[in-house]
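Structural features, examined
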Amino acid sequence: MNKSIIYNQTMDISDWTNREIVQVLVARKKITQKELIKKLSEKLQKEIPQSTFANSLWRNNLRLYDFQQICDVLGYSIIIQPKS
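Before going into details, it helps to say that this report is about the structure given with it. (Residues numbered from 1 in each chain as written. Predicted model: local features only at pLDDT ≥ 70, side-chain atom pairs only at ≥ 80, totals over all residues. Heavy atoms only, no water.)

**Here we look at a nonpolar patch on the surface**
There is a patch of nonpolar side chains on the surface, built from L64, I78 and I80 and spanning about 350 Å² of accessible area. Considering the arrangement of structural elements, one finds I78 in the segment after α4 (64-74). (Patch = residues over 30% accessible without salt bridge, like charges linked within 9 Å, V, L, I, M, F, W, Y side chains within 5 Å. Areas by Shrake-Rupley, 256 points an atom, 1.4 Å probe, with all protein chains shown as cover. Salt bridge = Lys/Arg side-chain N within 4 Å of Asp/Glu carboxyl O. Helix = DSSP H or I, 4+ residues; strand = E, 2+ residues; numbered from the N terminus.)

**So, the side chain of Q69**
Along the chain, Q69 turns up in helix α4. You can call Q69 buried: its relative accessible area is 12%. One polar contact links Q69 to K43, side chain to side chain, over a distance of 3.4 Å. (Buried < 20%, exposed > 50% of the residue type's maximum accessible area, 1.4 Å probe, protein only. Polar contact = N/O pair within 3.5 Å; in protein donor to acceptor, adjacent residues only side chain to side chain.)

**Comments concerning the packing of helix α2 (residues 33-44) against helix α3 (residues 50-58)**
Between α2 and α3, whose axes approach to 11 Å, the crossing angle comes to 110 degrees. One way to sum up the angle between α2 and α3 is to call them roughly perpendicular. The residues of α3 that touch α2, namely those facing Q33, K34, L36, I37 and L40, are Q50, F53, A54 and L57. Per-class residue counts for the contact of α2 with α3 are six nonpolar, two polar and one charged. (Axes fitted to C-alpha atoms, helices over the stretch in contact; angles between N-to-C directions. Parallel < 35°, antiparallel > 145°, perpendicular 65-115°, else oblique. Contact = heavy atoms within 4.5 Å. Nonpolar A, V, L, I, M, F, W, Y, C, P; charged D, E, K, R; others polar.)

Rendered as structure tokens:
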């Protein structure tokens, strides 16, 4: 995983991959990727194959909408702010 800055509960993920971000968020919530996919499928009311989800993470090609939904399911917000 790339070096990161974590202050309070904020993480600078500017140079992280989709996979790295999701791994950290899932670990912090103490759930498995399988549980995340189940919750995401329920929220979106559509089946999400585990292989499709995993491939999206490995190829680093999650759509912003998908990332927003993952964050919502895990109880996180996405905040954009100017670099300091």
